[in-house]
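Residues per chain are reported as follows:
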Amino acid sequence: MFKYTMIDEKLELTERMKAVMADIRPRLRCQDRRESTDIEPVSNGARNPFADVFEAEPESSYVIKLAKSIVKSWVDTPCIIYPHEAVVGIARPCYPMMEHFSWGIVFDSGVLKNGTYPASERERCDKLRDVMTPLSAAHVGACASVTYSRELHIRASEEGMFMAGGFQGHTIPNYVTLLENGLDGMLEKIDFWAKLNVKDKDSADFYEANRIIVRGMSEHMQKYADYAAECYETETDPVQKQYYKQISENCAYVAHKKPQTLYQAVQLTWCLSLWDWVDCLGRMDQYFLPFYNYSCEHGDVIPVEDSIASMIYKIWENGAHNVTLSGCKPEDGSDATNDLTFLILQVLRNIHDTHPRICVRIREDVNPELMNLIVKIWSEGMSDPSIISDTLVIPGLQRINVPIQDARDFATLGCQEVEIPGKSNTGCEDGLFNVAKVLEVAMLGGKSTKDGKQLGPVTKSFVECETFEEFYCEFTKQLEFFTEFHTWLCSRGQECRAANHAKLVKGVFTDGVLESGRNHDDGGPIYGYGVIETAGVAVTADSLTAIKKLVFDEKKITKEKLVEILAADFNGYEKERQLLLNGAPKFGNDDPEADEMAIRVLNTYWDEIAKYKSVRGGVYTGACSLLTNGIIYGRHMGAMPDGRHKGEPLGNTIGPRPGADHNGVTAMLSSVSKLPLYKGVGGTTLNVILTTKMLETSEQRENIAAVIKNFMASGGQMAQITTANYEDLIDAKAHPERHGDLIVRVGGYSIQFVQLSSSAQDEIISRYAAG
């Protein structure tokens, strides 16, 4: 029997945690700024710690200067302890140059140019730019010029074919390693592997850089311990005085020792999370469980509920990208649900906001109380938690050579990607590929739709093909060409990150890095498979279904006429557009013909990317969690044979094109569950609309739970929920001031509807068109 399973009432927080929550709400930044951990720039006249270090140590190696810069940026950040809080540490201010795990040292031209920094400081930063970037983005273009064509790279990117090597950032550090060793223990681990692997100055500097990072984290925690002790001496309120004492002792302990209590484990975890840009935290209910059990048995300085609430509040305020709950135990596959699974969800329920972003792993024998709580949270208007299927993901990971015990330990990260926590660099994401743009180019025999110039290889155009299968073959030739080019470009982007030591902080706490002596982006982690976000599958499939049925089979539209209609964006051809829209079935309606085409398209593309390996060493796998890129890439598209107008959205997840499904949620889920989603274990999510009106009664919630469980067990991979009602969305667009708490899901994250752009709001509303 688990604790914290209550459904009809919410968890009663302690007065201390109620006060912390009340203090946080006025400080909350908008969703976009929380997503990027975007803190206010430092004040005018402040010096840049990165520039200071690089100027002061011109003879030191790049990795040593980088490590010292990172440490200086943290220890120079003033300590702030907010009233009532138990866990401490704030994000650094924004500097015009600072490291980020997606690139290395990045340069924020906005901070440099907006007057925040004096001209002399801007000039100093500009002079150091080349020194701070061992391998710039120009490397990708330069390599493309030699092996392919620089012009091809630019044109394919600008025309919306793909994005290659654009982020390659999210990974989950091994929080288990941190908590089992403590910071002093991590230094011992570094020394152990250094003795085995140091062969020259470069390798010696690499291990020393890792030591610098860990010693810096200790210094950071000790600085907070000392500051809290000073506050204790001057504080007159006896309650707050006691809080400062707790904080000081806790921070002083974890500055060196490995934690025993939950309070200690939470503080040390938050320290690493801060240094990791509050990125992704993995299976929190699993790695905190031993400390929770210890504190429950032996007692703790603060209640266990306060420790967990404090951690979740920090994530809420600072915008961590993902926390994963439940699932199975790696050693035997048994249910891993525990008290913390429920406690974390109950704290999420109390917050009722877009953060923290949480994903719950669902088994075929999912705990009924867990499923009931998830659906109850949805019924209250939340879009979190999302859910992901153990049934599909674990064997999918085994298929790409992840051993069963590690496959059972998977977690979600980023905007719903998947990896083995603490052991991986999976690109996350290496790139994005627009399958629909390939179809558009293939119809013209490889020519651009913008200027008519040859973009891909010369193949037969749609008009020249005598049969549907002949045209599909020509489409496949274009797909093969652009896939090879795209995956090759993604690896060139990874080479930049490796040279720039982009994930220096993450690497200290990632299995394989210290053991191999190779940095996180240079093949150090155990798993290095690639992840390609896949756009336009439904548009491509529906267009091909319409072509096959209406052009080749029923001959209701000639090839020449269809090309003419699309070039006109249906202007003057509304009758024909309605035929294309309604005369051929669409994916998402449980129609065998439409669904089989979607299966074929996805198999064609995901089988093709699997032929190639990332420079990190693993094969590429598919994914689909596009944020607002379904809107952005749709703007690059002309009219399509599915009846879609020029510039309309492609859709942000693996589901049907917005508005194309007309037969309800169950039919849509059935269509998606037929897709080969086991080939897309990079993280393939689905937007599901379950309005609060559909979840009002316990009977309705039980029925929805059964439908969702069946989807997870029968081929679905991941579902992210939007519970807003259609009428509320329409009113919120007209009267945003009335709907500040209306939450929706956008292809990988939750956001208040009123914070979205008008085009993004329209895309959300279009998902309801079928209803």
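For the structure itself, look to the data block above.
Residues numbered from 1 in each chain as written. Predicted model: local features only at pLDDT ≥ 70, side-chain atom pairs only at ≥ 80, totals over all residues. Heavy atoms only, no water.

(A) Representation of the overall build of the chain within the structure. Summing up its helical and strand segments, the chain has 32 helices and 16 strands in all. In terms of overall dimensions, the chain has C-alpha extents of about 85 × 65 × 50 Å along its principal axes. A buried classification covers 63% of the 771 residues belonging to the chain. Summarising the internal contacts of the chain: among those between residues at least 6 apart in sequence, 76% fall at separations of at least 24. (Helix = DSSP H or I, 4+ residues; strand = E, 2+ residues; numbered from the N terminus. Buried < 20%, exposed > 50% of the residue type's maximum accessible area, 1.4 Å probe, protein only. Contact = heavy atoms within 4.5 Å.)

(B) Region of interest: the packing of helix α16 (residues 339–351) against helix α17 (residues 368–379). At a minimum axis distance of 11 Å, the contact between α16 and α17 shows a crossing angle of 10 degrees. Looking at the two axes, α16 sits roughly parallel to α17. Where α16 approaches α17, its residues Thr341, Phe342, Leu345, Gln346 and Arg349 are matched on the opposing element by Glu369, Leu370, Leu373, Ile374, Lys376 and Ile377. Of the residues belonging to the contact of α16 with α17, the class tally is 6 nonpolar, 2 polar and 3 charged. (Axes fitted to C-alpha atoms, helices over the stretch in contact; angles between N-to-C directions. Parallel < 35°, antiparallel > 145°, perpendicular 65-115°, else oblique. Nonpolar A, V, L, I, M, F, W, Y, C, P; charged D, E, K, R; others polar.)

(C) A look at empty space enclosed by the protein. As enumerated under the stated definition, the model contains 6 cavities of 30 Å³ or more in all. Within this model, the largest cavity holds a volume of roughly 90 Å³. As for the largest cavity, its lining consists of 13 residues, and the residues nearest its centre are Val20, Ile24, Glu85, Tyr313 and Lys314. Residue assignment for the lining of the largest cavity shows that the elements contributing at least two residues are α1 (15–24) and α15 (304–318). For the lining of the largest cavity, the leading source of residues is α15, giving 4 residues. Here the lining of the largest cavity is built from residues that sort into 7 nonpolar, 1 polar and 5 charged. (1 Å grid on protein atoms, 1.4 Å probe; cavity = no way out; pocket = protein on both sides within 12 Å on 5 of 7 lines; lining within 4 Å. Points joined across faces, edges and corners; volume = space filled by probe spheres on them.)

(D) Looking closely at the sheet that holds strand β3 (residues 162–164). If you walk across this open sheet you meet the 4 strands as β3-β10-β11-β12, and the pairing is mixed. Each of the sheet's edge strands pairs with one partner strand only, and the pair in question is β3 and β12 (620–623). Averaged over all neighbouring strand pairs, the angle between strand axes comes to 30 degrees, with direction disregarded. Bridging between β3 and strand β10 (residues 431–434) involves 3 bridges; their strand directions are antiparallel. By the bridge assignment for β10, Phe162 is matched with Phe433. (Pairing = 2+ DSSP bridges.)

(E) Quick peek at helix α30 (residues 698–713). With 16 residues, α30 should reach 22 Å at 1.5 Å per residue; the first-to-last C-alpha distance of 22 Å fits that figure. Those residues of α30 that sit buried are Arg701, Ile704, Ala705, Ile708, Phe711 and Met712. The arc that holds the buried residues of α30, viewed along the axis, is 125 degrees, so those residues lie on one side. When the buried face of α30 is taken as reference, the exposed residues oriented beyond 90 degrees from it are Glu699, Glu702 and Asn710. The inward-facing, buried residues of α30 abut β6 (358–362), α17, β7 (386–389), α18 (390–399), α29 (665–673) and β14 (718–722). Of the residues trailing α30, Gly715 is marked for its positive phi of about 130 degrees. (Expected span 1.5 Å × (residues − 1). Arc of directions from axis to C-beta.)

(F) Seen up close, the sheet that holds β7. Spatially, β4-β5-β6-β7-β14-β13 is the arrangement adopted by the 6 strands of the open sheet, whose pairing is mixed. Both edges of this open sheet fall to β4 (280–283) and β13 (687–689), since each of them pairs with a single strand only. Along the sheet, successive strands turn relative to each other by an average axial angle of 25 degrees, direction set aside. As paired elements, β13 and β14 share 3 bridges and run parallel to each other. Bridge assignment links Val688 to a residue of β14, and that residue is Ile721. Contacting β5 (322–326), β6, β7 and β14, α17 crosses the sheet at an angle of about 145 degrees to β6.

(G) Seen up close, unusual backbone geometry. Look at the link from Asp384 to Pro385: it is a cis peptide, with omega at 0 degrees. Mapped onto the elements of the fold, Pro385 is located in the loop between α17 and β7. Of the consecutive residues Cys428 and Glu429, the connecting peptide bond is found in the cis state with omega at -10 degrees. Within the secondary structure, Glu429 sits in the loop between β9 (417–419) and β10. Residue His84 is not a glycine yet carries a positive backbone phi of 80 degrees.

(H) Expanded view of the pattern of salt bridges. Applying the stated rule across the entire model yields 43 salt bridges. Across the pair Arg363 and Asp365 runs a salt bridge, and its minimum N-O distance is 2.9 Å. Asp521 is paired through a salt bridge with Lys503; the nearest N and O atoms lie 2.8 Å apart. Of the two residues, Asp521 sits in the loop between α23 (513–516) and β11 (530–535) while Lys503 sits in the loop between α21 (468–499) and α22 (504–508), which places them 18 residues apart along the sequence. In this structure, Asp521 and Lys503 share a single accessibility class: buried. (Salt bridge = Lys/Arg side-chain N within 4 Å of Asp/Glu carboxyl O.)

(I) View of the layout of surface pockets. Of the voids in this model, the largest pocket is the one considered here, and its volume is about 730 Å³. Asp32, Glu35, Ser36, Phe167 and His321 are, among the 36 residues lining the largest pocket, the residues nearest its centre. Those elements giving two or more residues to the lining of the largest pocket turn out to be α2 (31–35), β1 (97–100), β2 (104–107) and β16 (749–752). The element that contributes the greatest number of residues to the lining of the largest pocket is α2, accounting for 3 residues. Taken together, the residues of the lining of the largest pocket sort by class into 16 nonpolar, 13 polar and 7 charged. Estimated volume of the second largest pocket: approximately 500 Å³.

(J) Focus on the environment of Arg29. As for its position among the elements, Arg29 is in the loop between α1 and α2. Here the alpha-carbon distance between Arg29 and Gly319, two residues 290 residues apart in the chain, equals 9.4 Å.

Read these as layout, nothing more, since geometry by itself doesn't imply function.
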